[in-house]
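Topology and contacts: notes
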Amino acid sequence: MERTFVAIKPDGVKRGLIGRIIQRFEDKSYKIVAIKMMNVSAELAAKHYEEHFGKPFYPELIDFITSGPIVAMAVEGNNAIKGVRHIVGSTKPDEADVGSIRADYSSYSTMNLVHASDCPESAKRELGLYFSEEEYCPDYKTMFEIILDNHGGIR
Ligand code: CMP
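Each value, and the rule that gives it
Residues numbered from 1 in each chain as written. Predicted model: local features only at pLDDT ≥ 70, side-chain atom pairs only at ≥ 80, totals over all residues. Heavy atoms only, no water. Helix = DSSP H or I, 4+ residues; strand = E, 2+ residues; numbered from the N terminus. Rg over C-alpha atoms; globule rule 2.2 N^0.38 Å. Buried < 20%, exposed > 50% of the residue type's maximum accessible area, 1.4 Å probe, protein only. Lys, Arg positive; Asp, Glu negative; His and termini not counted. Charge placed at Lys NZ, Arg CZ, Asp CG, Glu CD. Phe/Tyr/Trp six-rings, centres within 6.5 Å; stacked < 30°, edge-to-face > 60°.

**Focus: the overall build of the chain**
For the chain, the count of helices and strands is 8 helices and 4 strands. In the chain, the order of α-helices and β-strands from amino to carboxyl end is β-α-α-β-α-α-β-α-α-β-α-α. By the compact-globule yardstick of 15 Å for 155 residues, the chain fits well, its C-alpha radius of gyration being 16 Å. Its C-alpha atoms put the chain at 50 × 35 × 25 Å along the principal axes. Per-residue burial for the chain yields a buried fraction of 44% across its 155 residues. Measuring between centres, the 19 positive side-chain charges of the chain sit 2 Å from its 23 negative side-chain charges.

This is how it looks when you write it as structure tokens:
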């Protein structure tokens with residue numbers, strides 16, 4: 001079981017895609033264990049994207065992520081880090097697999113709707129930046145978990 005960090009970026013919020021984006025993760029059996037709408041400060045944006053500092057697209061990236069509210073989430077599930085990235089699609093929407101969020105809803109690399117952690121280390125770091133321990137609500141059972149329980153844990 002893995003936890004990953006997902007953010008619906010300002011374009012996804014402003015375009016009214018919050019529900020449709022979250023639906024894709026829930027449909028896949030992933031569980032939202034923390035969620036909030038928030039504005040990202042310049043300081044938080046710089047920490048989040050520190051690995052991209054100095055790259056040509058960095059200023060645009062920071063301007064964009066601080067341009068309006070995001071929806072931050074902790075998403076949990078079986079191999080969730082890789083699986084969520086697959087649902088989100090490649091950074092460049094014109095190279096993303098059809099059926100992924102970016103392929104279906106975006107045609108820009110900066111306005112690409114969703115951020116998702118790329119590896120376990122990033123997931124841990126990014127979740128730590130956006131959520132405190134008290135903000136997690138992992139104790140409810142999803143329909144998928146109930147079905148798994150009924151099948152004796154077969155996956
Ligand atoms: P994200 O998953 O949030 O992580 C880094 C972001 O940088 C990426 O999505 C894009 O929004 C943005 N970006 C813009 N241009 C590029 C690029 N050429 N290569 C990688 N990331 C880019």
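**Section: the packing of aromatic side chains**
Summed over all chains, the structure comprises 3 aromatic pairs. On the numbers, 4.3 Å between centres and 20° between planes, the contact of Phe 5 with Tyr 130 is stacked. In this pair, Phe 5 sits in strand β1 (residues 2–8) while Tyr 130 sits in helix α7 (residues 120–130), placing the two residues 125 residues apart along the sequence. Of the residues examined, Phe 5 reaches a relative accessible area of 0% and is grouped as buried. The exposure class assigned to Tyr 130 is buried, which follows from its relative accessible area of 4%. Ring centres of Phe 53 and Tyr 58 lie 5.2 Å apart, and the angle between their planes is 80°; this geometry places the pair in the edge-to-face category. Residue class for Phe 53 comes out exposed when judged on its relative accessible area of 64%.

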